[in-house]
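The chain contents come next:
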Amino acid sequence: MAISFDASKKIFKLDTSDTTYALAVHEAGYLFHLYYGPYLPDNNLLPMLFRGGFASFHPNYPNYVNTPYSPDITPSEYSCNGTGDFRISALQIRNVNGDISTDIRYVSHRILTEKPALCGLPSLRSEAGDTETLEITARDHTTGAVVKLYYTVYLQLPVMTRSVVVENDSQYPMDLERVYSTCLELPGMDYDMVHLYGQWFKERTVTERPLAHGMQSIQSKRGSSSHNHNPFVALKQHGTTEENGPVYGINLIYSGNFAIDIEVDARNTARVLAGINPTDFNWHLEPGESFTSPEAVMVFTDKGVGEMSRIFHRTYMKHLIKSPWRDVERPVLINSWEAAYFDFDDDKLVAFAHEAAKMGVDMLVMDDGWFGVRNLDNCSLGDWYVNEKKLKGGLSKLIERVNAEGLKFGIWYEPEMISPDSDLYRAHPDWCLHVKGRENSPARLQYVLDMSREDVRDNIFNQMSAVLANNKIDYVKWDFNRNLTEAGSALLPANRQKEIMHRFVLGTYDLMNRFVTAFPHILFENCSGGGGRFDPGMLYYSPQIWCSDNTDAIERLTIQFGSSMCYPVSTFGAHVAARPRTPLSTRANVAMCGTFGYELDPRKLTEDEKEQVRAQIADYRKYNKLIREGDLYRLIAPTEDHFRCAWQFVSPDKQEALVTSVIMRRPETAYFMLKLRGLDPNKMYTDTATGEVYSGALLMYAGINLTEQIYDDGESIVKYFKAE
Ligand code: GLA
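Residues numbered from 1 in each chain as written. Predicted model: local features only at pLDDT ≥ 70, side-chain atom pairs only at ≥ 80, totals over all residues. Heavy atoms only, no water.

A.B. asks: Whenever I open this one, the overall build of the chain confuses me. Can you help?
C.D. replies: A count of helices and strands for the chain gives 12 helices and 39 strands. For 724 residues, the compact-globule estimate of 2.2 N^0.38 gives 27 Å, and the C-alpha radius of gyration of the chain, at 27 Å, lies within 12% of that figure. Scored against the burial criterion, the 724 residues of the chain give a buried share of 63%. Considering only intrachain contacts with a sequence separation of at least 6, the fraction spanning at least 24 residues in the chain is 68%. Total accessible area on the chain is roughly 26300 Å²; 51% of this is exposed by carbon and sulfur atoms. (Helix = DSSP H or I, 4+ residues; strand = E, 2+ residues; numbered from the N terminus. Rg over C-alpha atoms; globule rule 2.2 N^0.38 Å. Buried < 20%, exposed > 50% of the residue type's maximum accessible area, 1.4 Å probe, protein only. Contact = heavy atoms within 4.5 Å. Areas by Shrake-Rupley, 256 points an atom, 1.4 Å probe, with all protein chains shown as cover.)

Put into structure tokens, the structure is as follows:
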């Protein structure tokens, strides 16, 4: 059984295939965290609780003779504010009298074999029998808040999820000021905090720093998960490497303002919280109402950062990415953006399709600029009707012509945005987020729609549906090109205005859900000025996300490596662009570590380049299953060695391996041995290019010598090994 309760010791144990998570109920009902780490067979965990006496001016509870307890040093399962635990709190409720002391005590629990859905929020999916969920009900007896803590364990994977529901079971309103999704207590501080920072054009760059006493935190206040920080943190024990050692990974399934906060105290213990950012947040609960937190995904492994990533990848491929997309080859597409920007018409697009079809491309995507009167980025967002001056004969006619060339058709939208210069804005100036009396900040000359409003969502749904339902559209690129400012809603009362950041995300999820339900055949690709909303919340609805507007193959290495910390490569929108700093072959080899496509004017390719593209697309089809379903090994990170970068996919049965290596900057004295990973040492593998046969042992322990095979900066090599 994955979840068990020892009634005599009052200990819950949550076991996955390789891990144990444990918590205890104190005699007064407090919930204490006991352990998270490698699997433990026994229940003798209570001694872990005691962290010594002499906390600073701490409240004492001398009456609890069996379990002496100071809230300020005891590991809490879900820390509360204002009642003696002075470290960061996961929960803070302001009651009707205005005070913010919060204290929850165990009431009851249930073990569920079906994973409950999260109201209005994306979460990991489950299939019959592959999960168990513990629901612990606790209560704050003073405020009447009922707090339900949810823990789901996956039976086949070392992964668990946590989320929280707070219900107002009192006669008075209350305000939730902090409701984190998870609280994890580590009994040490000998960890490095790995996280992904960046900006537009430089998303998800891996960085790490040792935990230090006091607070460390990453967060977004931008209304989206953001280019700047990703809702992901790994805590690796000092000395942990890519393939060895203990590491915890936490990723929040959320696309809005988030915070991952870590506080280290004087006893060198670390408390980790992940959830909605309490800054700019408040949720008002009337009697009988409830609030649901986003879901946090937690992974532990003692096999290094690479294995942590592979566990996330397997989990997301199986339980996050929507069927059928997780199991199928994605179309090779050609996107009009970098090829034409706003300068296109029907004939130009058909000409793109004509050339692309000859090279084996599957789909043409018409990017920004097809609607309203949009010829620049200064107007028409919100006016989702076809610009027939550009697309003469209308959209159906264009799609017919593209289809006649043998290509499917995709289209671009930015549903959550509105241009001040648009019919929609002129008709409904109060439909954008705004604050009465304050001028709206323009960003990319556009405002943000108030997605918390049902009438706004209905309007956008109806406009877009009219296009999607009446035309043969196979793909939608859903963009989001600015962050939220002056975030007020015309409909919310004053005491609910601080709900808008979260309501905005809920509204977006609702709209996305309506689309994926109404148009299940459409492949949705998410985008936010590249990867400004690359998070598991978005992946729940759209199986792929445009990784970055930066399509330079060398810079993409860092972005794609960082993204692979927790996201599977099948979710990376990656295209070959007209950026000649690297050879066409390298641009393709890098884009193949993702969903493959082109972002260039195919008419401008030489005959030789067209031939290369044909071969690249054939390779994509040959290797796609291995790349999509295989295990990723990051052999050499671009940030680790400024000379080269390398990665490898191994099929689950270890029969095939695909190795790619890119030379970023080649020293004259280069010597390049590359050791592979994840193979069967006893299998014999053929290098399919040379016919040479090597044991898995040789490839992993001695390595392949690439010294003579790569000469210049920007060159790359791909090797495919097949076991006999
Ligand atoms: C964003 C996207 C680009 C493109 C433009 C269109 O920047 O990331 O790929 O779609 O918008 O305006």
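Structure shown, so let's carry the discussion forward.
A.B. asks: Mind showing me how you'd approach the sheet that holds strand S30 (residues 576-577) here?
C.D. replies: Taken together, nine strands build an open sheet; the order of strands is S29-S28-S27-S26-S23-S22-S21-S31-S30 and the sheet is parallel. The sheet is open, and its two borders are formed by strand S29 (572-573) and S30, each paired with just one other strand. Alignment of S30 against strand S31 (residues 597-599), held across two bridges, turns out to be parallel. What sits directly across from Val576, in S31, is Tyr598. Where helix H6 (residues 454-470) meets the sheet, it contacts strand S23 (408-413) and strand S26 (475-478), and its direction lies at approximately 170° from that of S23. (Pairing = 2+ DSSP bridges. Axes fitted to C-alpha atoms, helices over the stretch in contact; angles between N-to-C directions.)

A.B. asks: Looking at this model, I keep getting lost on empty space enclosed by the protein. Mind explaining?
C.D. replies: Any space left empty among the atoms is revealed by the rolling of a water-sized probe across them. The final tally for this structure, using the stated rule, is nine cavities of 30 Å³ or more. If you add up the space inside the largest cavity, you get close to 190 Å³. Residues of the lining of the largest cavity, tallied by class, amount to nine nonpolar, six polar and two charged. Put simply, the second largest cavity is a space of about 70 Å³. In this structure, the second largest cavity is lined by Leu557, Gln560, Phe561, Ser564, Phe572, Val590, Cys593, Leu632, Arg634 and Trp647. Breaking the lining of the second largest cavity down by element, the ones donating at least two residues are helix H9 (553-563) and strand S32 (631-636). By residue number, the principal contributor to the lining of the second largest cavity is H9, which donates three residues. Its residues assigned to classes, the lining of the second largest cavity shows seven nonpolar, two polar and one charged. (1 Å grid on protein atoms, 1.4 Å probe; cavity = no way out; pocket = protein on both sides within 12 Å on 5 of 7 lines; lining within 4 Å. Points joined across faces, edges and corners; volume = space filled by probe spheres on them. Nonpolar A, V, L, I, M, F, W, Y, C, P; charged D, E, K, R; others polar.)

A.B. asks: Would you explain the site of the ligand in this entry?
C.D. replies: Around the ligand, the structure places 13 residues, and the nearest of them are Asp367, Asp368, Lys477, Gly530 and Asp549. Interatomic distance of 3.1 Å between a side-chain N/O atom of Trp412 and an oxygen atom of the ligand. Relative to its unbound accessible area of 310 Å², the ligand is 96% covered by the protein chains. Split into classes, the residues belonging to the shell around the ligand amount to four nonpolar, three polar and six charged. (Near = heavy atom within 4 Å. Polar contact = N/O pair within 3.5 Å; in protein donor to acceptor, adjacent residues only side chain to side chain.)

A.B. asks: Hey, could you run me through helix H10 (residues 584-591) in this one?
C.D. replies: A turn of α-helix holds 3.6 residues, and therefore any two residues three or four places apart point the same way. Most of H10 is tucked away, with seven of its eight residues classed as buried. Buried within H10 are the following residues: Leu584, Thr586, Arg587, Ala588, Asn589, Val590 and Ala591. Residues of H10 that are buried sit in contact with H9, S30, helix H11 (607-629), strand S33 (644-650), strand S34 (656-663) and strand S39 (716-723).

A.B. asks: Can you walk me through the packing of H9 against H10 in this structure?
C.D. replies: Helix-helix packing is characterised by the crossing angle of the two axes and by the distance between the axes. The interhelical angle for the contact between H9 and H10, taken along N-to-C directions, is 15°, at an axis separation of 10 Å. As judged from the angle between their axes, H9 and H10 are roughly parallel. For H9 against H10, the interelement crossing comes out left-handed. Of the residues in H10, those in contact with Ala553, Arg556, Leu557 and Gln560 of H9 are Thr586, Arg587 and Val590. (Parallel < 35°, antiparallel > 145°, perpendicular 65-115°, else oblique. Left-handed = near helix turned anticlockwise from the far one by under 90°.)

A.B. asks: Please clarify how the pattern of salt bridges should be interpreted in this entry.
C.D. replies: Think of it this way: side chains of opposite charge can pair up when their charged atoms draw near. Throughout the structure, instances matching the rule amount to 57 salt bridges. Note that Asp368 and Arg374 form a salt bridge whose closest N and O atoms lie 2.7 Å from each other. Both residues of the pair, Asp368 and Arg374, count as buried. Salt bridges sharing partners connect three or more residues here, namely Glu243, Glu307, Arg310, Arg314, Asp631 and Arg677. (Salt bridge = Lys/Arg side-chain N within 4 Å of Asp/Glu carboxyl O.)

A.B. asks: Looking at this structure, how should I read the nonpolar core?
C.D. replies: When a protein is soluble and globular, its nonpolar side chains tend to lie buried together. Formed by 189 residues in total, the largest nonpolar core has its most connected members in Trp370, Leu395 and Ile411. No other element matches the nine residues that helix H7 (residues 500-518) contributes to this core. In terms of nonpolar packing, the next biggest core, distinct from the first, is built from 23 residues, Ile636, Phe643, Ile717 and Phe721 among them. (Core = buried A, V, L, I, M, F, W, Y, C linked by side-chain atoms within 4.5 Å.)

A.B. asks: Before we go on, may I ask you to explain the pairing of strand S3 (residues 19-25) in this structure?
C.D. replies: Both faces of the sheet carry side chains from a regular strand, because those side chains alternate between them. Counting buried positions over the seven residues of S3 gives seven, a clear majority of the element. Neither face of S3 is left uncovered, since the one carrying Thr19, Tyr21, Leu23 and Val25 and the one carrying Thr20, Ala22 and Ala24 both have all their residues buried. Turn length for the strand S2 (residues 11-15)-S3 hairpin, with the two strands adjacent in sequence and antiparallel, is three residues. Judged from the seven bridges that link them, S3 and strand S4 (residues 31-38) form a sheet pairing that is antiparallel. If you follow Ala24 over to S4, its bridge partner there is Phe32. As consecutive antiparallel partners, S3 and S4 are separated by five residues, and within that stretch Gly29 has a phi angle of approximately 95°, a positive value.

Bear in mind that shape data such as this cannot, by itself, settle questions of function.
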